Amino acid sequence: KIWMVGNVLGGGIATYFALRRGMGCRSATAFFITVAYFFGGAFATRVEAGHFTVVAATALWIPALVCTWRVAGVIRSKGLGAMGDVRSAFVGAMIANGLVVLAGSPQYVLYLFYLQVFTVLIAVGNRRWWQGLAGLGILWCGASAVSAPQWFPTLFYLPFTGRVTGTWMVPPSSADRWNFWLEYLLPFPLGDDLRSPHMHLKNVWETATYPGTMTTVLALGSLVVLFTMKGVRWPPHLRLAWVIVLLGLYMCGGGWLPGFSGFREPMKARAV
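Just so you know, these numbers come straight off a predicted model, no measurement behind them.

Turning our eyes to something else, we now look at the overall build of the protein chain. What the protein chain contains, in helices and strands, is twelve helices and zero strands. Secondary structure elements of the protein chain occur, N-terminal to C-terminal, as α-α-α-α-α-α-α-α-α-α-α-α. Per-residue burial over the protein chain gives 41% buried out of 272 residues. Contacts spanning at least 24 positions in sequence make up 67% of the contacts within the protein chain whose residues lie at least 6 apart. In the structure as shown, the protein chain presents an accessible area of about 15100 Å², 71% of it carried by carbon and sulfur atoms.

Our focus in this paragraph is the nonpolar core. Ranked by size, the top nonpolar core spans 22 residues in total, and within it W61, V100, Y108, L112 and W140 carry the most contacts. At the level of elements, helix 4 (52–58), helix 5 (61–78), helix 6 (87–102), helix 7 (106–124) and helix 8 (129–146) are the ones that each hand at least two residues to this core. The dominant element in this core, judged by the number of residues it contributes, is helix 7, at eight residues. When neighbours within four sequence positions are excluded, V100 is seen to be in contact with A57, L60, W61, Y108, V109 and L112. Core analysis: the next-biggest nonpolar cluster, separate from the first, contains twelve residues, C67, A93, M94 and L139 among them.

It is at 8 Å that the axes of helix 1 (residues 2–22) and helix 5 come closest, and there the two elements cross at 25°. Our classification of the angle between helix 1 and helix 5 gives roughly parallel. The chirality of how helix 1 crosses helix 5 is left-handed. For the pair helix 1 and helix 5, the contacting residues are A14, T15, A18, L19, R21 and G22 in the first and I62, P63, V66 and R70 in the second. By residue class, the composition of the contact of helix 1 with helix 5 is six nonpolar, two polar and two charged.

For the rest of this paragraph, the subject is the side chain of T15. As for its placement among the helices and strands, T15 is situated in helix 1. With a relative accessible area of 0%, T15 lands in the buried category. Beyond its immediate sequence surroundings of up to four residues, T15 is in contact with T34, F38, A59, I62 and P63.

Here the focus is a nonpolar patch on the surface. On the surface, a cluster of nonpolar side chains totalling about 330 Å² of accessible area is made up of V91, I95, L99, L102 and V146. Along the polypeptide, I95 turns up in helix 6.

Time to look at the environment of T215. Positionally, T215 belongs in helix 11 (residues 210–228). Sequence-wise, T215 and A241 are 26 residues apart; in three dimensions their C-alpha atoms are separated by 9.5 Å.

A few words on the confidence of the model for the protein chain. Detail in the predicted coordinates should be disregarded across regions flagged by low pLDDT. In the predicted model, the protein chain carries a mean pLDDT of 78, and 70% of its residues have values of at least 70. Summarising per-element confidence for the protein chain, the mean pLDDT is lowest in helix 10 (residues 174–185) (60) and highest in helix 2 (residues 27–38) (94). Low pLDDT, under 50, characterises residues 262–266; the predicted model gives this stretch 20 contacts beyond four residues in sequence or across chains.

What follows is about the pattern of salt bridges. Scanning the model with the defined rule gives one salt bridge in all. Measuring nitrogen to oxygen at the nearest pair gives 3.2 Å for the salt bridge that ties K78 to D85. Comparing K78 with D85 shows no difference in burial state: the two are exposed.

The way to describe two aromatic rings as a pair is by their centre distance and the angle between their planes. In the structure shown here, the tally under the stated rule is nine aromatic pairs. Between F113 and W140, the ring centres sit 6.3 Å apart and the planes meet at 70°, which makes this aromatic pair edge-to-face. Of this pair, F113 sits in helix 7 while W140 sits in helix 8, placing them 27 residues apart in sequence. Accessibility expressed as a relative area gives 34% for F113, which makes it partly exposed. Pairwise contacts between aromatic rings join Y37, F38 and F43 into one cluster.

A rise of 1.5 Å per residue sets the reference length of helix 6, with its 16 residues, at 22 Å; its end C-alpha atoms lie 22 Å apart and thus fit the reference within 8%. Where helix 6 is concerned, the buried positions are A89, F90, A93, M94, A96, N97, G98, V100 and V101. Of the surrounding secondary structure, the elements contacted by the buried residues of helix 6 are helix 4, helix 5, helix 7, helix 8 and helix 9 (148–154). Within two residues after helix 6, G104 carries a phi angle of roughly 85°, on the positive side.

The next point concerns helix 7. Taking 1.5 Å per residue, 19 residues should reach 27 Å; helix 7 reaches 27 Å between its end C-alpha atoms and fits that length. Every buried residue belonging to helix 7 is among Q107, Y108, V109, Y111, L112, Y114, Q116, V117, T119, V120, A123 and V124, and all of these are buried. Looking at the packing, one finds that the buried side of helix 7 touches helix 3 (41–49), helix 4, helix 5, helix 6 and helix 8. Just downstream of helix 7, G125 is the residue with a positive phi angle, here 85°.

Rules used in this analysis
- Residues numbered from 1 in each chain as written.
- Predicted model: local features only at pLDDT ≥ 70, side-chain atom pairs only at ≥ 80, totals over all residues.
- Heavy atoms only, no water.
- Helix = DSSP H or I, 4+ residues; strand = E, 2+ residues; numbered from the N terminus.
- Buried < 20%, exposed > 50% of the residue type's maximum accessible area, 1.4 Å probe, protein only.
- Contact = heavy atoms within 4.5 Å.
- Areas by Shrake-Rupley, 256 points an atom, 1.4 Å probe, with all protein chains shown as cover.
- Core = buried A, V, L, I, M, F, W, Y, C linked by side-chain atoms within 4.5 Å.
- Axes fitted to C-alpha atoms, helices over the stretch in contact; angles between N-to-C directions.
- Parallel < 35°, antiparallel > 145°, perpendicular 65-115°, else oblique.
- Left-handed = near helix turned anticlockwise from the far one by under 90°.
- Nonpolar A, V, L, I, M, F, W, Y, C, P; charged D, E, K, R; others polar.
- Patch = residues over 30% accessible without salt bridge, like charges linked within 9 Å, V, L, I, M, F, W, Y side chains within 5 Å.
- Salt bridge = Lys/Arg side-chain N within 4 Å of Asp/Glu carboxyl O.
- pLDDT = per-residue confidence, 0-100.
- Phe/Tyr/Trp six-rings, centres within 6.5 Å; stacked < 30°, edge-to-face > 60°.
- Expected span 1.5 Å × (residues − 1).

Given below as structure tokens:
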């Protein structure tokens, strides 16, 4: 319990200051976002269930993304060689990423990586996208050094784990794919798995599709607005909206991104 409280408290403080100083949010705004995240359903249910590794990993997601945004913004304006101008943000993202790895939940490390790739592509734009991704690679190299005490010894253990010896996920059945569409539109349309049966072939932990639905709807809405405006160029973040919409539809049909097929709960990837 002490370890759980420490992760929530430390992550909450880091999140507040990352929003306050890194994003320039007002105190009330940073406080509201922090409380909404740490007391929201996605995070609070993990605390209640005692999922220590997940809580430890996701507690630092927002600071990691804020620092990544700051670094990518400098790369966009000055290039890869100017990362030293935001040394504190780079070190902050490196440490946050390293601590996420140290939490021992590789599933959520991969989720964070995909989130940071999208963050960099949005912040950097077209001109220096490769420099932005190179900067992200350098950042993760530093994070690997920070987390080496965790991942290096486990390299010798991995060949003996169940995830390597035949428990890889297979594509969902056709019946399950139809349920995917219903789960994508509503959080628990077929029962909550507690008071009433849940028809989905997975369990309640794997129905974290509602945030992904809202993201897809907002991305589609931005495209609709763009089509109604005349003489407007396609900025990079709206071009990326196409990617988000197509990705959402692909995940809705039961698809996976590279790396998700080996995890116990690949459907939660749609929340990314």
